[in-house]
Amino acid sequence: MSEEGKPKIIEECKAKFEKRIQKATTAEDIEKLRIKYLGRKGEIRSLFGHIQEIPPEKRGEFGSHINELKTYMEQKIQSVSDQLENFSLDATTEKPYCDLTLPGVPFVMGHQHPISQIIDDLLDIFRSMNFDVVSGYEIEDTFHNFDALNIHQWHPSRNPQDTFYVDPEHILRTQTSAVQIRAMENGTLPLRIVSMGRCYRRDASDATHYPVFHQIEGLVIDKNVNFCDLSGILTEMMTGVFGTRVEVRFLPSYFPFVEPGAETFISCPFCGGKGCNVCGKAGEIELGGSGMVHPQVLRNVNIDPSIYRGFAFGWGIERIAMMKYQIDDIRLFYDNNIDFLEQF
Amino acid sequence: MIISYGYLQDILKKECPSVEELTKKFPEIGFEVENIFLPENNTVFTVKVIEKTDIPSTEHLLHATISDGVQTHQIVTSWKELRVGGVYLWAPPGTTIGGITLTSKDFQNVQSEGMLLSYVEVSLDNTVVSNQERLGPMELPPDTPIGKNFFDLFWLSFPTFDLKIPYNRPDCYSMEGLLREVTAAFDIHFPATDRRSIHHIYPPFKEVQIKRSVRNISFKGLKVLDSERCPIYLGALLGDVKIDASPFEIRRRLMAFRVRPVNNVVDCANIIMFYYQQPLHTFDLDRLMGHHIEVRTPLAPESFDALDGKTYTLTENDLVIADEVRPIAIAGVMGSSDSEIMDSTKNIFLECAYFQPKTISRTSARLHLVSDASSRYARGVDYGQLEDVMKITVNLMSSVCGGTIAGEFFTHRTTIQPPPDIDLSLQEFSDVTGIDISKFQASSILKKLEIPFENTLRDGLRIHPPSFRVDLHESVDIIEELLRFTGYHNIQPSKPMYQVEYKPEKPWIKMNRLIRQQMGALGFFEAMTDSFAKDEEVALLYPSDTPGLVQVENPLRKDQSYLTPNRILALLDIAKKNISKKNTNLRLYEIGNHYLQGENLYLDWLITGDTQCQTWCHEPRTMDFYFAKGIKENSVLMRYHIPFTTKPSENHNVFDPCQALDVIVEDSTIGTYGAVHPKLLQYFGIHQPVFFSCMQLNPIMKYLVRHGHYRPISAAQDVLRDIAFLVDRDIPAGQLVKTIQETAGYCIKKTIIFDLYQGKNIDTTKKSIAIRMMFNFGQNKTSEEIQEIMDDIVQSLHNVYNIEIRE
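Residues numbered from 1 in each chain as written. Chains lettered and ligands numbered in written order. Predicted model: local features only at pLDDT ≥ 70, side-chain atom pairs only at ≥ 80, totals over all residues. Heavy atoms only, no water.

1. Observations concerning the overall build of chain B
As a reminder, the rule being used: Segments assigned H or I by DSSP are reported as helices when at least four residues long, segments assigned E as strands when at least two residues long, and all are numbered from the N terminus. To get the radius of gyration, use the C-alpha atoms; to get the globule rule, take the number of residues to the power 0.38 and multiply by 2.2 Å. Per-residue accessibility, obtained with a 1.4 Å probe over protein chains only, is compared with the maximum for each type, and a residue is labelled buried under 20%, exposed over 50%, and partly exposed between these values. We call two residues in contact when some of their heavy atoms are within 4.5 Å. Computed with the Shrake-Rupley method and a 1.4 Å probe, the accessible areas treat only the protein chains shown as cover for residues. A positive count includes Lys and Arg, and a negative count includes Asp and Glu. His and the chain ends are not counted in either. Every charge is mapped to an atom, namely NZ of Lys, CZ of Arg, CG of Asp or CD of Glu.
Helix and strand counts for chain B come out as 22 helices and 42 strands. Compactness check: chain B gives a C-alpha radius of gyration of 41 Å against a globular reference of 28 Å for 807 residues, more than 25% above the reference. If one aligns the C-alpha atoms of chain B with their principal axes, the spans along those axes are about 130 × 85 × 55 Å. Across the 807 residues of chain B, 55% fall into the buried class. At a minimum sequence separation of 6, the contacts of chain B that also span at least 24 residues come to 70%. Carbon and sulfur atoms provide 50% of the accessible area of chain B, an area that totals close to 37300 Å². Computing the positive centroid from 83 side-chain charges and the negative centroid from 103, chain B places the two 2 Å apart.

2. What about the overall build of chain A?
Helix and strand counts for chain A come out as twelve helices and ten strands. C-alpha atoms of chain A, sized along the principal axes, occupy 120 × 50 × 45 Å. Buried residues in chain A amount to 51% of all 344 residues. Contacts spanning at least 24 positions in sequence make up 65% of the contacts within chain A whose residues lie at least 6 apart. Accessible area of chain A: about 16700 Å², with a carbon and sulfur share of 50%. The distance from the centre of the 36 positive side-chain charges to the centre of the 49 negative ones in chain A is 12 Å.

3. Examining the pairing of strand β9 (residues 104-107) of chain B
Quick reminder of the rule: Two strands form a pair only when DSSP identifies at least two bridges running between them.
The sheet contact formed by β9 of chain B and strand β10 (residues 110-113) of chain B spans four bridges and is antiparallel. Bridge assignment links K105 of chain B to a residue of β10 of chain B, and that residue is S112 of chain B.

4. Quick word on helix α18 (residues 625-639) of chain B
Residues and elements named next belong to chain B. For the record, the criterion: Under the convention used throughout, the expected extent of a helix is 1.5 Å for every residue step, that is, one less than its residue count. Note on bend: the value at a residue is the angle between axes fitted to the seven residues ending there and to the seven starting there.
The first and last C-alpha atoms of α18 sit 20 Å apart over 15 residues, in line with the 21 Å expected at 1.5 Å per residue. A bend of about 25° at E633 is the largest found in α18. When α18 is considered as a whole, its buried residues turn out to be F625, F627, A628, I631, K632, E633, S635, V636 and L637. Positive backbone phi, at 50°, marks H641, one or two positions downstream of α18.

5. Some points on the side chain of T235 of chain A
Structurally, T235 of chain A is set in helix α8 (residues 227-242). What makes T235 of chain A buried here is its relative accessible area of 5%. Among all residues touching T235 of chain A, those that are not within four sequence positions of it are R245, V246 and V248 of chain A together with P493 of chain B.

6. Considering unusual backbone geometry
Residue L189 of chain A is joined to P190 of chain A through a cis peptide bond whose omega torsion reads -5°. Here P190 of chain A lies in the loop between α7 (177-186) and β5 (191-200). Even without being a glycine, R258 of chain B presents a positive backbone phi close to 60°. Classification of R258 of chain B as partly exposed rests on a relative accessible area of 26%. We note that D667 of chain B has phi near 70°; this positive angle belongs to a residue other than glycine. Within the secondary structure, D667 of chain B is located in the loop between β36 (655-665) and β37 (668-676). Taking relative accessible area as the criterion, D667 of chain B reaches 79% and is therefore assigned exposed.

7. Remarks on the pattern of salt bridges
Residue and element names in this part refer to chain B. Rules: Between Lys or Arg on one side and Asp or Glu on the other, a salt bridge is scored when a side-chain nitrogen of the former is within 4 Å of a carboxyl oxygen of the latter.
Tallying each qualifying case throughout the model produces 57 salt bridges over all chains. Ionic pairing is found between R513 and E505, a salt bridge with its closest N-O pair at 2.8 Å. Given a relative accessible area of 31%, R513 falls into the partly exposed group. For E505, a relative accessible area of 23% gives the class partly exposed.

8. Some points on helix α15 (residues 507-521) of chain B
Here α15 of chain B contains 15 residues, and its C-alpha end-to-end distance of 21 Å stays within 8% of the 21 Å for a straight helix at 1.5 Å per residue. G523 of chain B lies just past α15 of chain B and shows a positive phi near 85°.

9. A look at the environment of K148 of chain B
Residues and elements named next belong to chain B. Position of K148 relative to the elements: it lies in the loop between β12 (139-140) and α4 (150-153). Separated by ten residues in sequence, K148 and M138 have C-alpha atoms that sit 15 Å apart. Once you skip the residues sitting within four places of it in the chain, K148 turns out to touch V44, F45, T46 and L153.

10. Things to note about the nonpolar core
Rules: Nonpolar core, defined: a set of buried Ala, Val, Leu, Ile, Met, Phe, Trp, Tyr and Cys residues in which side-chain atoms within 4.5 Å join the residues together.
One finds I216 and M237 of chain A together with Y233 of chain B to be the most contacted residues of the largest nonpolar core, which totals 220 residues. Counting residues in hydrophobic clusters, the runner-up holds 32 residues, among them W605, I607, L637 and F691 of chain B.

11. Quick word on the sheet that holds strand β26 (residues 453-457) of chain B
Residue and element names in this part refer to chain B. To keep things clear, this is the line we draw: Only the stretch in contact is used when fitting a helix axis, every axis being a line fitted to C-alpha atoms; angles between N-to-C directions are given from 0 to 180 degrees.
Spatially, the three strands line up as an open sheet ordered β25-β27-β26, and their pairing is antiparallel. The strands lining the two open edges of the sheet, one partner per strand, are β25 (422-425) and β26. Between one strand axis and the next, the sheet turns by 30° as a mean value, whatever way the strands run. Each of β25 and β27 (460-463) touches helix α12 (residues 426-433); the most contacted strand, β25, lies at about 70° to it.

12. Some words on the domain arrangement of chain A
Applicable threshold: Source of the domain bounds: an automatic or database domain assignment.
What the domain assignment lists for chain A is domain 1 (8-94) and domain 2 (114-341). Each of domain 1 of chain A and domain 2 of chain A was reduced to a C-alpha centroid, and the two centroids are 79 Å apart.

13. A few points about a positive patch on the surface
Residue and element names in this part refer to chain A. Threshold: Distance thresholds for patches are 9 Å for like charges and 5 Å for nonpolar side chains (Val, Leu, Ile, Met, Phe, Trp, Tyr), applied to residues having over 30% relative accessible area and no salt bridge.
Taken together, the side chains of K16, K19, R20 and K23 make up a positively charged region of the molecular surface. As for its placement among the helices and strands, K19 is situated in helix α1 (residues 8-23). According to the relative accessible area criterion, K19 is exposed, its value standing at 61%.

14. Here we look at the interface of chain B and chain A
Going by this rule: Throughout, the accessible surface (probe 1.4 Å) given up by two parts as they are put together, summed over both, is called the buried area.
Facing 81 residues of chain B, the contacting portion of chain A comprises 83 residues. Summing both partners gives a buried area of about 7100 Å² for chain B against chain A, and 59% of it is carried by carbon and sulfur. Ranking the residues of chain B by area buried against chain A places K503, F525 and M528 of chain B at the top, with a combined share of 11%. Of the charged contacts in the structure, one is a salt bridge between R299 of chain A and E474 of chain B, with a shortest N-O distance of 2.6 Å.

15. Side note on a nonpolar patch on the surface
On the surface, V105, F107 and M109 of chain A cluster together into a nonpolar patch covering about 330 Å² of accessible area. Considering the arrangement of structural elements, one finds F107 of chain A in the loop between α4 (56-90) and α5 (114-128).

16. Things to note about a negative patch on the surface
All names here are of chain B. Negative charge collects at one region of the surface, where E784, E785, E788, D791 and D792 lie side by side. As for its position among the elements, D791 is in helix α22 (residues 783-801). Residue classification places D791 among the partly exposed residues on the basis of a relative accessible area of 41%.

17. Concerning the packing of helix α8 (residues 264-276) of chain B against helix α11 (residues 386-400) of chain B
All names here are of chain B. Cut-off, in case you're wondering: Crossing handedness is defined as follows: a turn of the near helix away from the far one that is anticlockwise and smaller than a right angle gives a left-handed crossing, while the clockwise case is right-handed. Side-chain classes follow a simple rule in which Ala, Val, Leu, Ile, Met, Phe, Trp, Tyr, Cys and Pro form the nonpolar group, Asp, Glu, Lys and Arg form the charged group, and the remainder, Gly included, forms the polar group.
The interhelical angle for the contact between α8 and α11, taken along N-to-C directions, is 145°, at an axis separation of 10 Å. As α8 packs across α11, the resulting crossing turns out to be right-handed. For the pair α8 and α11, the contacting residues are N264, V265, C268, A269, I272 and Y276 in the first and V389, I392, T393, L396, M397 and V400 in the second. When the residues that make up the contact of α8 with α11 are grouped by side-chain class, the tally is ten nonpolar, two polar and no charged.

18. Focus on the packing of aromatic side chains
Each aromatic ring pair is specified by the distance between its two centres and by the angle formed by the two planes. All names here are of chain B. Quick reminder of the rule: Each pair of aromatic rings taken from Phe, Tyr and Trp, with Trp reduced to its six-membered ring, is defined by centres within 6.5 Å and is described as stacked if the planes are under 30 degrees apart, edge-to-face if over 60, and tilted in the remaining cases.
Using the criterion set out here, one finds 37 aromatic pairs over all chains in the structure. Considering the side-chain rings of Y7 and W155, the 5.0 Å spacing of their centres and the 10° angle between planes classify their relative orientation as stacked. A residue pair is termed long-range when its members are at least 10 positions apart, and Y7 in helix α1 (residues 5-12) and W155 in the loop between α4 and β13 (160-164) qualify at 148 residues. With 4.9 Å between their ring centres and 65° between their planes, F355 and Y377 make a pair best called edge-to-face.

19. Details of the packing of helix α9 (residues 357-367) of chain B against helix α10 (residues 372-379) of chain B
Residue and element names in this part refer to chain B. Here is the rule we go by: Orientation labels follow simple angle bins: below 35 degrees gives roughly parallel, above 145 gives roughly antiparallel, 65 to 115 gives roughly perpendicular, and whatever is left gives oblique.
The contact between α9 and α10 brings their axes to 7 Å, and the two run at 135°. Of the possible angle classes, the one that applies to α9 and α10 is oblique. Seen along the crossing, α9 lies across α10 with a hand that is left-handed. Of the residues in α10, those touching α9 at P357, I360, S361 and S364 are S374, Y377, A378 and R379. In terms of residue class, the contact of α9 with α10 is built from four nonpolar, three polar and one charged.

20. Quick word on the pairing of strand β21 (residues 327-330) of chain B
Residue and element names in this part refer to chain B. Note that strand β20 (residues 320-322) and β21 share three bridges and pair antiparallel. Considered in β21, the bridge of I321 is made with A329. In textbook terms, the turn of a hairpin is the stretch between consecutive antiparallel strands, and for β20 and β21 this stretch comprises four residues. Of the pairings in the sheet, the one linking β21 to strand β22 (residues 334-335) comprises two bridges and is antiparallel in character. Paired with I330 across the two strands is M334, which belongs to β22. Counted along the chain from β21 to the antiparallel partner β22, the turn is three residues long, and its residue G332 has a positive phi close to 75°.

This is the structure in structure tokens:
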């Protein structure tokens, strides 16, 4: 028995193992060592064979010493093996040359049109504010596009110079408000809706006009809403679109379907109102019309304006996109040049 | 509406706000500043020609002596039409005109000091000069003060505002109306009586005695035959008028309003309109036929030669002013060329009327004829001021257009119902705007705007809309007025309170979102096109009698009148443009309507070029029908488990007859895909194969928005087996696969045709085909059991198609 009380035979076995493992330099050496000591016919197994030679009362202690050694060996082999493996993974210098600057396989990734990206953003924003989304037809009748919105029969915007007519009673919608009229006719109150889509105005195309454009319209009809609430909703919306807190400002303006009506501005999201190239040094950006729904519009769809009030806004999505991406020509959206589309 | 700051300052004197204050204030009270014309200035003076003599040795030059009131100067000019006594513009030596600095010059011993100027040389817009002035020297009225700086004298050295007047505020299509707003906004005390003084349009005005009858004029009177369309019509006769150019004070106001001078009578009428809003019309009485004027509906259809040189056809929806024979004006819109005031005119009939706005806007819109008068009448003029304006006009014309004027008035008047009173509660104001207002604040705003009211309500005011405010109908209109003057900047963001409820994503939005995701993952770029199609291109695809084609009545371009029945036209156009820019490998898609039998939402896509460009490790592979088929079937259709079949397409206008399939879902054809017809490509000038797919979205929406149920995954191993055989070349591969699937039944997971060969070493009537099958039997099977199934498959193929197994 040794000083620590371990049988000599075990001590010798451990000492030999230590010597050998120090010499092991390859995974192969380690594997041989593992088989020699831990294998089915290995040294540990043979140590257990010596148990017959031990007095019965000491057999338990002997066995536990062997198990201890076995565990030690297993750990040692594993740790040396890990060291060797790491060493061999690190030894890259000996591998064949690989030019890492060669380009990878050029997968083509698709791109969503910037307008539809803004539409998606707006849909997200308004769903988060618990609005419903409604859709309608692009060929609309003149009642829903004009009359119901207080745009009387001889209003200049109904002029064929400004509006595309399919026949005297049908036009290509000039705004998505027509959708809202239908929603008010069919919907249950209160109403919180947005609609988005293609609209048409008979504008010859230039850097800021195109006969087709997209519009987002919002409408809230409830018993207890006011102009300040409109301001709140618009602030949230534009903060969402530009990802930076903006302030909404109104100036009085006339639209037949809202009263009071307003032209709506936001503080420039790029300079925070100090004035920059995007806002033309104005510190703010004009976005479009908004206001409190005209009581006559409510009467037109059989809603009692003495009980319900509403607010509405309708803005061009192209304009928002042009601001967000700092695009200076609306026609780029409809040219569909790949060099343009792949930027978004 | 053009507002000259110089003119405004002339009226408001010391009280006039600064240009900066006005620039800020106008939009705050609802008048967008569309433009500010910057001031102009130069050392250009008004001078009078005292004497002119021809220079004998030249044919085209003359020598003139001019006076600036203090000294005389000599100049040599080529303007033969120069009048002695006339007032012109003179630039002394040292002045820079058009980049050239003038000096004294010697013309054959005559010293020429500076030069006389034309309107171009003082950078005047040609719309503010008379026809005569456009051709020669800029001649100013003879009473123009001389020796003065021209730009200062005519207020051109001040900025000028171009304001956008809201459609519902016709009262502000006038200096007087805007003055009311400006003085209200800046709290300037300037009562209506001062504001409406005739001296603001003609300071030298002195009242003349107007006689009540006109000698030698056999005019009998006025007949208004349509009182509904013409509720008020005032007429006056002015005899012995002297037609001339307008005096200086009128001329500089015309220039301030950017109006071209015509003659003193017309200029007076114009100045009145721009100052007081009320349009006027003047007729040459001696050129009228018969002895009275009628206001009537046209004897439809009646043709009319207007002042603008065009002939219009009038209908019973219009209104005309007529003599006993023919119309002499389209009421409220435009007069005729054969009744207008000419240099020889002696006697005038002056019209001051109120026409029904609807009638004027209808006529103006129908004829596409907008005049200064029609744009005011159409919005509604102030019928309450007609008598006053008539009196001012007659006074002004009497004062300006000669000495022996006599007047006689004719009146047709029906009662116009005044708008009903409006009760406004202060609570309603705060309910609508979200901000509070006191009764005192509200009253003082209304007072400043000259909107009469009674303070008889406990919580509000009773408003009597004045005749000049055609926009005030109900309480919200008053609320807007109060908000305008308390300031829209007081609107602060708040959050509406509402009951939150779950709002599911709309199926069409979900569908669009999923499709966009899929197409993006497949490398497609989303395009957006307008919805118009060229007639010629539509004709390529659809005969003109195709039912359901949609045409626009008034297209922007005559050759582009259709709404697109198929977006392939737009997508090919985009492809062509991109290919010309060397972007030859394209994958484009669009979600949009096709207009054929109404509007139908489609997913359209187009591919062309290589599936992948050549790189150091890849050979290029050109897109072909099977690539298109892979996209078509694997993306939306199979991804969302939409049961579909295909059959060869007969749409041979769009597609290559050999390479196109219709897609059928629930027994209806929902779309087609395949190679674009070479003829169509040739038309678009595209010289590489293009593959196109169109698919209606509404029929498949339900498949995209539903969700399926989990099927347990088999624990057994998948088994692969290959089979290769010869078969008659005409037998479609699809049928072979179908037979295999039917024979193997549920246990077959996948079949892949991994080799197909025709040619050398094979009978020319045969093809060799190799198919890999993947089975899963739900439990592990022995090789012998699997072989039994393979034997069954081979047997079926042999029985049906007489295949020959290849070893």
